[in-house]
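Structural description and commentary
One letter stands for each residue in the lines below.
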Amino acid sequence: MATGTMQRERPQQNQKTGSWATIFPNEQVTEQQSALFVKKLLAVAISNITYLRTIFPEHAFGDRCLEDLNLKILRDDSACPGACQVIQWVKGCFDALDKKYLRMIIVGIYMDASDTSTVVETYTFKFSYNCQEGISIFRNGSKIASAYTEAETRKATIKLLRTIVVLTQTLKPLPDDVMMTMKLLYYDDVTPQEYEPPGFQSTAVDDFSFNDEPMNIRVGDVSTVSG
């Protein structure tokens, strides 16, 4: 488990144009292309959740556009330490994805620095490999878009990202002093017992509890065909 804290301020959106190919591979046919797609989708999803929930200040993000969606991407050269920490976490997730160890990522947003396991909000990313390499995304527990063929991947991805944008804009604002943590869960049958990716350390607690009863909202899942 890894933790990070940051000061938040309300961002202003700036529009830029772009195409599908500027963010995602045009085809997800081979195993390598499929893995790259999942990594990019994970990075885009986490970036936009942290942006739309105002976890980080405006200068921590760069602008991208996917069709009619104005997206924000965390910048690796940001002067915001918290954003740089999350980028390192995501890179650690990539290591676990490459090894096909990673089963689930849980992003927790909490308020008490002495109790990182009690959260006000979570975002969960679930990963599958085998014949279909994919990612499923949940907020406090549910979904909205799904695709299991290459032809559906683009449509489902845009729908998933649009859902994240709309959902996070309709939620109540978070308190100003929230902090963020990330937990990784593995496929135990293939993951070495001592394995932890860069930026993470072992923890005995693999779940979060909520201050209040969580609201379960389905966000989406996208699967891509691997070779």
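Residues numbered from 1 in each chain as written. Predicted model: local features only at pLDDT ≥ 70, side-chain atom pairs only at ≥ 80, totals over all residues. Heavy atoms only, no water.

**Looking at the pattern of salt bridges**
Pairs can form between side chains of opposite charge whenever their charged atoms are close. Evaluated as defined, the whole model comprises six salt bridges. One salt bridge connects Asp76 with Lys91, and the closest N-O pair in it is separated by 2.9 Å. With Asp76 in the loop between strand 3 (69-74) and helix 3 (81-98) and Lys91 in helix 3, this residue pair connects regions lying 15 residues apart in the sequence. You can call Lys91 partly exposed: its relative accessible area is 40%. Here Lys99 makes a salt bridge to Asp95, at a shortest N to O gap of 2.9 Å. Relative accessible area serves as the criterion here: at 40%, Lys99 is assigned to the partly exposed category. We classify Asp95 as partly exposed; its relative accessible area is 23%. (Salt bridge = Lys/Arg side-chain N within 4 Å of Asp/Glu carboxyl O. Helix = DSSP H or I, 4+ residues; strand = E, 2+ residues; numbered from the N terminus. Buried < 20%, exposed > 50% of the residue type's maximum accessible area, 1.4 Å probe, protein only.)

**Looking at the packing of helix 2 (residues 31-52) against helix 3**
Direction vectors running N to C along helix 2 and helix 3 enclose 155 degrees, while the axes themselves pass 11 Å from each other. The orientation of helix 2 with respect to helix 3, classified from their angle, is roughly antiparallel. Two packed elements cross with a definite hand, and for helix 2 against helix 3 that hand is right-handed. Facing Val38, Lys39, Leu42, Ala43 and Ile46 of helix 2, the residues of helix 3 in contact are Val86, Val90, Cys93, Phe94, Leu97 and Asp98. Counted by class, the contact of helix 2 with helix 3 contains nine nonpolar, no polar and two charged residues. (Axes fitted to C-alpha atoms, helices over the stretch in contact; angles between N-to-C directions. Parallel < 35°, antiparallel > 145°, perpendicular 65-115°, else oblique. Left-handed = near helix turned anticlockwise from the far one by under 90°. Contact = heavy atoms within 4.5 Å. Nonpolar A, V, L, I, M, F, W, Y, C, P; charged D, E, K, R; others polar.)

**Focus on the confidence of the model for the protein**
A residue-level look at the protein finds 71% of positions with pLDDT of 70 or above and a mean pLDDT of 76. Mean pLDDT across the secondary structure elements of the protein bottoms out at strand 1 (residues 2-5), with 34, and peaks at helix 3, with 93. pLDDT under 50 marks residues 1-17. Its contacts with residues more than four places away, or in other chains, come to 63 contacts. (pLDDT = per-residue confidence, 0-100.)

**Some words on helix 2**
When the terminal C-alpha atoms of helix 2 are compared, their 32 Å separation across 22 residues agrees well with the 32 Å that a helix rising 1.5 Å per residue should span. Within helix 2, 16 of the 22 residues are buried, which leaves it mostly tucked inside the rest of the structure. Taken from the residues just after helix 2, Thr54 is the one with a positive phi, measuring 50 degrees. (Expected span 1.5 Å × (residues − 1).)

**Some remarks on the environment of Ile46**
Note that Ile46 resides in helix 2. In this structure Ile46 comes out as buried when scored by relative accessible area, which is 2%. When the C-alpha positions of Ile46 and Val86 are compared, they lie 8.9 Å apart, and in sequence the two are 40 residues distant. With residues near it in sequence (within four places) discarded, Ile46 still touches Val86, Val90, Phe125 and Met182.

**Examining helix 3**
Compared with the 26 Å implied by 1.5 Å per residue over 18 residues, the 26 Å span of helix 3 between its first and last C-alpha is a close match. Three or more residues of helix 3 are buried, namely Gly82, Ala83, Val86, Ile87, Trp89, Val90, Gly92, Cys93, Ala96 and Leu97. Trailing helix 3 by a residue or two, Lys100 shows a phi angle of about 60 degrees, which is positive.

**Points about the side chain of Arg53**
Structurally, Arg53 is set in the loop between helix 2 and strand 2 (61-66). Reaching out from Arg53, the side chain makes a polar contact with the side chain of Glu121 at a distance of 2.9 Å. Within the structure, the side chain of Arg53 is placed 2.9 Å from the backbone oxygen of Lys172, a separation counted as a polar contact. (Polar contact = N/O pair within 3.5 Å; in protein donor to acceptor, adjacent residues only side chain to side chain.)

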